[in-house]
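Each chain is listed here by its residues.
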Amino acid sequence: MTSPPPERRNEAVLPVEALGITLRRNGRRLLDDVSVLFDGHDFCALMGPNGAGKSLFLRVLANLVTPDEGTVRWNDRLPDRRRAPKLGFAFQKPVTLRRSVRANIRYALAACRIRGAEGRQRTEAALALAGLADLARSPARVLSGGEQQRLAIARALAVEPELLLLDEPTANLDPASTAAIESLLRGAAYGGTKIVLVTHDIGQARRLAETVVFMHAGRITETTAADTFFDAPTSSAAEAFLAGRLVL
Ligand SMILES: Nc1ncnc2c1ncn2[C@@H]1O[C@H](COP(=O)(O)OP(=O)(O)O)[C@@H](O)[C@H]1O
Ligand SMILES: [Mg+2]
């Protein structure tokens, strides 16, 4: 295998690594010495009960929150704004801009200096991918929750991130909308996008994940191949969670 050209190596964010991340607020340790390496080889589900620290940890990985201790490294270097577009993010509550569906995607691309024919082509591809071509001219804010989330994910994918971080993207959605999002994510993963998906939906993790990272009370208690995780979790917290006995 030949190594990537220098400019591409420069842009890479993977592997994304957390080393001894601790985050304190009001005297509480919300994240407690968390270390993990996402090399992007597997579709990863980050699981755990409410309040475990999953959302905070995802924000730390994306360099949106600075930890009190520890470091995040993107491809062996500290995070920087220049590479931030290579790390896509979608939130539980989709963030859409007060403009049309199509303009939402074009805006995100323009922010990454992807304009002109390339911008137009990627916009139309993203609309088709998300099944939103017929709604392209509608104001984004009038879409249903599921449609807005499809837009938010398609917009993130249009930028062609190397890694996509998703924070419970289907938590507020009905089964049909959830299935549409899952199929969007499966397609993205198949197309080569690396994904870390925060979910407390056990069925969803079973359907999508190859690796499970389990968090409880601000710590990672295990990182396991998904098959093994669901059959025989190694931490008692994960076992209790899967049995429906773990609430924070
Ligand atoms: N900005 C903040 N200030 C203080 N506490 C916070 C803040 N954000 C989150 N928390 C607390 O940190 C804990 C972990 O939160 P979060 O990462 O949202 O959990 P999860 O996503 O696993 O449900 C919770 O107890 C939450 O109340
Ligand atoms: Mg959360």
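Residues numbered from 1 in each chain as written. Chains lettered and ligands numbered in written order. Predicted model: local features only at pLDDT ≥ 70, side-chain atom pairs only at ≥ 80, totals over all residues.

*Asks:* Go over the site of ligand 1, please, and point to the residues and values.
*Replies:* Neighbouring residues of ligand 1: R25, N26, L30, G48, N50, G51, A52, G53, K54, S55 and L56. No other element matches helix α2 (residues 54–61), which puts 3 residues into the shell around ligand 1. Counted by class, the shell around ligand 1 contains 3 nonpolar, 6 polar and 2 charged residues. (Near = placed C-beta within 6 Å. Helix = DSSP H or I, 4+ residues; strand = E, 2+ residues; numbered from the N terminus. Nonpolar A, V, L, I, M, F, W, Y, C, P; charged D, E, K, R; others polar.)

*Asks:* Pulling in residues and values, what's your account of the pairing of strand β7 (residues 194–198)?
*Replies:* Along β7, 5 of the 5 residues are buried, which leaves the element largely enclosed by surrounding structure. The two faces of β7 match: K194, V196 and V198 on one face and I195 and L197 on the other face are all buried. Direction of pairing for strand β6 (residues 163–167) relative to β7: parallel, over a ladder of 5 bridges. Residue pairing for β7: L163 is matched across the bridge by K194. (Buried ≥ 20, exposed ≤ 12 C-beta atoms within 10 Å, placed from the backbone. Pairing = 2+ DSSP bridges.)

*Asks:* Outline helix α6 (residues 175–190), supporting the account with residue identities and numerical values.
*Replies:* The end-to-end C-alpha distance of α6, which contains 16 residues, comes to 22 Å, matching closely the 22 Å that a straight helix rising 1.5 Å per residue would cover. Looking at α6, one finds that the buried residues are T178, I181, L185 and A188. Along α6, the residues classed as buried sweep out an arc of 85° about the axis, all on the same side. Looking at α6, the residues exposed on the side facing more than 90 degrees away from the buried face are P175, A176, S183, G187 and Y190. Where α6 is buried, its residues touch α5 (145–158), β6, β7 and α7 (202–208). (Expected span 1.5 Å × (residues − 1). Arc of directions from axis to C-beta. Contact = placed C-beta atoms within 7 Å.)

*Asks:* Explain the sheet that holds strand β1 (residues 16–25) to me, using residue names and the numbers behind them.
*Replies:* Reading across from one edge, β2-β1-β4 is the order of the 3 strands in this open sheet, with antiparallel pairing throughout. Every other strand in the sheet has two partners, leaving β2 (28–38) and β4 (69–74) as the edge strands with one partner each. Each strand axis lies, on average, 20° off the axis of its neighbour in the sheet, ignoring direction. Bridging between β1 and β4 involves 5 bridges; their strand directions are antiparallel. Residue pairing for β4: A18 is matched across the bridge by V72. The sheet strands contacting α2 are β1, β2 and β4, and the helix crosses β1 at an angle near 125°. (Axes fitted to C-alpha atoms, helices over the stretch in contact; angles between N-to-C directions.)

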